[in-house]
Amino acid sequence: MSRTGTQSTPAFTKLRLRTAKGLTERDVSTAPPRECSMEEVPVIDLSAMFGDLNARKGLAETVCHAAENTGFFYIKNHGINERVAEAAQAQARDFFHQKDEEKAKVARTKSRYFNGWHRRKGTSLGSSASLDDMEQFSCCYNPDYDPEVIDLAAIPDDTRAQLPAESFIWEGTEHLPHFQRDCIRYWQESLQLARRLLRIFALSLNLPETYFDNVTTCPGSDLAFNYYPGRARMDDSTSPIQDVGLGSHTDLQCFTILWQDMVGGLQVLMSDGHWVKAPPIPGTFVVNIGDYLMRLTNDRFKSTVHRVYMRTSIDRYSMPFFFGFNPSETCAVLPSCTSKKNPPKYEPISCGEVSFPSPPYGRSSMFIFTCGCCGADMPF
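Residues numbered from 1 in each chain as written. Predicted model: local features only at pLDDT ≥ 70, side-chain atom pairs only at ≥ 80, totals over all residues. Heavy atoms only, no water.

Two elements in contact, helix α1 (residues 53-68) and helix α6 (residues 179-204), have axes whose closest approach is 8 Å; the angle formed by their N-to-C orientations is 80°. As far as their axial angle goes, α6 and α1 are roughly perpendicular. Together, Leu53, Arg56, Lys57, Leu59, Ala60, Val63, Cys64 and Ala67 of α1 and Ile200, Phe201, Leu203 and Ser204 of α6 make up the contact between the two elements. Class assignment of the residues belonging to the contact of α1 with α6 gives a composition of 9 nonpolar, 1 polar and 2 charged. (Axes fitted to C-alpha atoms, helices over the stretch in contact; angles between N-to-C directions. Helix = DSSP H or I, 4+ residues; strand = E, 2+ residues; numbered from the N terminus. Parallel < 35°, antiparallel > 145°, perpendicular 65-115°, else oblique. Contact = heavy atoms within 4.5 Å. Nonpolar A, V, L, I, M, F, W, Y, C, P; charged D, E, K, R; others polar.)

One pass over the structure, following the stated rule, counts 18 aromatic pairs. Relative to Phe325, the ring of Phe212 lies with its centre 5.4 Å away and its plane at 35°, an arrangement referred to as tilted. You can see Phe212 sitting in the loop between α6 and β11 (221-228) and its partner Phe325 sitting in the loop between β18 (316-323) and β19 (330-331), a full 113 residues away along the chain. An identical accessibility class is assigned to Phe212 and Phe325; each is buried. (Phe/Tyr/Trp six-rings, centres within 6.5 Å; stacked < 30°, edge-to-face > 60°. Buried < 20%, exposed > 50% of the residue type's maximum accessible area, 1.4 Å probe, protein only.)

A few words now on the sheet that holds strand β16 (residues 285-289). The strand order β6-β7-β16-β13-β18-β11-β10-β8 describes an open sheet built from 8 strands, whose pairing is mixed. Each edge of the sheet is formed by a strand with only one pairing partner; in this case those strands are β6 (43-45) and β8 (116-118). Along the sheet, successive strands turn relative to each other by an average axial angle of 25°, direction set aside. Examined bridge by bridge, β11 and β18 share 6 bridges and lie antiparallel to one another. Of the residues in β18, the one forming a bridge with Ser221 is Phe323. Its contacts with the sheet put α1 on β6, β7 (72-76) and β16, and the angle it makes with β6 is roughly 160°. (Pairing = 2+ DSSP bridges.)

Below, the discussion takes up the side chain of Arg56. Along the chain, Arg56 turns up in helix α1. Taking the relative accessible area as the measure of exposure, Arg56 reaches 17% and is therefore buried. Polar contacts involving the side chain of Arg56 include one to the main-chain carbonyl oxygen of Gly51, which spans 2.6 Å. Among the polar contacts made by the side chain of Arg56, one reaches the side chain of Glu209 at a distance of 2.8 Å. Among all residues touching Arg56, those that are not within four sequence positions of it are Ala48, Met49, Gly51, Ile200, Leu203 and Glu209. (Polar contact = N/O pair within 3.5 Å; in protein donor to acceptor, adjacent residues only side chain to side chain.)

Here's what the structure looks like:
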């Protein structure tokens with residue numbers, strides 16, 4: 001804090017990010033994160049999603065307001081079976097509490113698409129952050145398990161060539177009872193919710209609600225299990241940099257649906273440069289807009305920077321589901337988001353081009369990497 005007379009001015013620092021607009025810098029307050037208000041990160045009841053068209057249009061207006069402001073909101077009455085989510089979380093806990101030798105059977109280093117397990121403290125999001133203190137297991141779209149795929153032979157060759165499914169992640173976890181079954185059940189319910197929610201986004205953009213159906217037949221739909229080990233509580237003199245569970249970033253695809261346990265740690269960067277906490281709310285998921293959907297809406301929807309900070313001795317688990325279009329589909333800025341005074345800011349691009357692989361978080365997030373071993377910047 002700098003002081004002039006009796007007034008104080010919050011200090012700011014530079015945060016470097018790679019986003020839909022390229023490499024950018026943000027001025028970020030060094031003040032402690034505050035609690036968010038319900039206006040900043042609202043709770044949206046999705047019950048109307050299962051109602052008639054007028055009900056869905058009303059819901060779309062509410063979703064649109066949240067997407068245009070913070071780009072973050074909670075959802076309740078979403079349709080995902082609570083027992084299915086709990087079973088998946090239990091499998092995540094059992095997986096991460098194995099010995100590293102067991103987890104290494106499905107290590108991401110064996111994958112072409114960043115499926116599998118990534119160990120703790122392998123990378124950092126930049127020179128200003130410590131190594132990310134998080135383990136992850138992830139799996140990508142597989143049409144064999146898609147509840148809406150009827151004819152696998154009808155999948156176009158160019159789409160099939162980009163499908164990132166790999167069987168080794170299931171073969172290497174066969175010793176865990178029902179691991180594959182419970183993971184896939186949760187992935188399936190998340191995929192069905194994402195497709196329904198995308199129809200609400202279409203309505204919110206003054207488009208037919210089925211507008212995106214033909215570009216989400218074999219979509220980017222990556223499920224991750226994240227494990228943040230608890231640590232001993234630190235004294236007030238400890239730098240907050242040492243509390244990084246997952247550093248500052250934006251997500252790549254259209255949007256993310258996040259299940260988080262009750263430990264907390266998620267923080268969202270507001271437009272004024274201040275961090276706010278997005279605490280767990282029982283029975284809800286968190287939804288945030290990704291860079292691809294911000295790009296398609298000509299920056300109308302906001303892809304918001306977020307992070308995870310851990311200052312607790314209790315382990316934290318989360319399950320993000322990243323949803324995007326078919327990797328081979330090339331899409332331009334939506335016509336409902338442009339005008340003569342507001343021409344398209346972006347060239348057409350495919351979701352696969354945006355969702356390039358960036359270890360350790362797969363095709364899900366955009367950030368600057370610094371090697372955990374030598375401190376050198378890693379390629380994007």
